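What the coordinates show
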Amino acid sequence: MVGILIFSGSLPATRVAVMDFDPLFLTVARATIAGVLALMILRVSKTVRPQKTDRVSLLVVAGGVVVGFPLLTALALEHISSARSIVFIGLLPLATAIFGMLRGGERPSGVFWVFSILGSLLVAGFAASGSDSGSLRGDLYMLAAIVVCGLGYAEGGKLSRHMGGWQVICWALVISLVPMAILSVVTLPDSAAGIGFRAWIGLGYVSVFSMLIGFFFWYRGLAIGGIAAVGQLQLLQPFFGLMLASLILAEPVGWSMIVVTVGVVACVAGAKKFGP
């Protein structure tokens, strides 16, 4: 749940950052900043290097959550609003559960899938009812982002069972560090004059929290409780985002949000009870 609370601010922060930063630079810069921090953590903790059998899985994690999801969402948020992206985030628990079955060897029950699909439909339906019209390009970017993120979550959850949650994301960031750092230099903006303070805050948030600290909690939770079952907590992520918007931006929260949130909580509880 702590991981989900941290991730809830990712899309709004990305939306703010891409107003002034190029999506490619934002992607590689956040990975570089997080990678440097991860390297420092691994050096201080003197963590043992991953086994050779884990390296391919770490590359999958890196491709999914270090590069794929950040880049695709940044590209999408150039074309659609962060509110519309909630439609697709509502599908992320289902994608995680599917990859948990394919990659993690989990076999959830039929009742689990009923709760999972129902919860996804509730989130997607609620978000779609209040979101603005988007573009096909932005929607396709978000669909691709959900697929690669679900795979990265499931693969990381599987690795965390024997490596540990924070070790998985730290090693995934470190093996990506050199190419990300090179691309950061290549795509560096010509001038910082046109970059606002909010964009820097957005970059800082997605680098330190979304890219690193959030995964410490998230991968550990997936390892303990099961990829498919714990992954259903992602159904609450859009609503936490709306709550943050209400508290910080004074946006109204209607009864429909409260009713749907209660329904989603019930679906999460049911999916957790009947999960693997």
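Residues numbered from 1 in each chain as written. Predicted model: local features only at pLDDT ≥ 70, side-chain atom pairs only at ≥ 80, totals over all residues. Heavy atoms only, no water.

1. Brief notes about the overall build of the protein
Secondary structure summary: the protein contains 13 helices and 0 strands in total. Per-residue burial for the protein yields a buried fraction of 53% across its 276 residues. (Helix = DSSP H or I, 4+ residues; strand = E, 2+ residues; numbered from the N terminus. Buried < 20%, exposed > 50% of the residue type's maximum accessible area, 1.4 Å probe, protein only.)

2. Points about the environment of valine 114
In this structure, valine 114 sits in helix 7 (residues 110–130). What makes valine 114 exposed here is its relative accessible area of 55%. Sequence separation between valine 114 and alanine 271 is 157 residues, and the spatial gap between their C-alpha atoms is 8.2 Å.

3. Here's the deal with the pattern of salt bridges
Going through the model one piece at a time under the given rule, you end up with 1 salt bridge. Across the pair lysine 158 and glutamate 155 runs a salt bridge whose closest N-O atoms are separated by 3.2 Å. Placement of both lysine 158 and glutamate 155 in helix 8 (residues 136–163) is noted, with a separation of 3 residues, approximately one turn of the helix. Judged by relative accessible area, lysine 158 falls into the partly exposed class, the value being 23%. (Salt bridge = Lys/Arg side-chain N within 4 Å of Asp/Glu carboxyl O.)

4. A short note on the side chain of aspartate 54
If you trace the backbone, aspartate 54 turns up in the loop between helix 3 (23–45) and helix 4 (55–76). Apart from residues lying up to four places away in sequence, aspartate 54 is in contact with Leu159, His162 and Met163. (Contact = heavy atoms within 4.5 Å.)

5. Concerning the side chain of serine 184
With respect to the element layout, serine 184 can be found in helix 9 (residues 165–186). At 3.2 Å, the side chain of serine 184 forms a polar contact with the backbone oxygen of valine 28. For serine 184, the side chain forms a polar contact with the main-chain oxygen of methionine 180, separated by 2.8 Å. Not counting the four nearest positions on each side in its chain, serine 184 is found in contact with Phe25, Val28, Ala29 and Thr32. (Polar contact = N/O pair within 3.5 Å; in protein donor to acceptor, adjacent residues only side chain to side chain.)

6. Points about a nonpolar patch on the surface
The grouping of Leu91, Leu136, Leu140 and Leu143 at the surface amounts to a nonpolar patch, some 370 Å² of accessible area in total. Examined against the element boundaries, leucine 143 turns out to sit in helix 8. When its relative accessible area of 40% is taken as the criterion, leucine 143 is described as partly exposed. (Patch = residues over 30% accessible without salt bridge, like charges linked within 9 Å, V, L, I, M, F, W, Y side chains within 5 Å. Areas by Shrake-Rupley, 256 points an atom, 1.4 Å probe, with all protein chains shown as cover.)

7. Structural notes on the packing of helix 3 against helix 9
It is at 6 Å that the axes of helix 3 and helix 9 come closest, and there the two elements cross at 130°. One element, helix 3, and the other, helix 9, form an angle in the oblique class. As for how helix 3 packs across helix 9, the hand of that crossing is left-handed. (Axes fitted to C-alpha atoms, helices over the stretch in contact; angles between N-to-C directions. Parallel < 35°, antiparallel > 145°, perpendicular 65-115°, else oblique. Left-handed = near helix turned anticlockwise from the far one by under 90°.)

In short, geometric facts, not functional conclusions.
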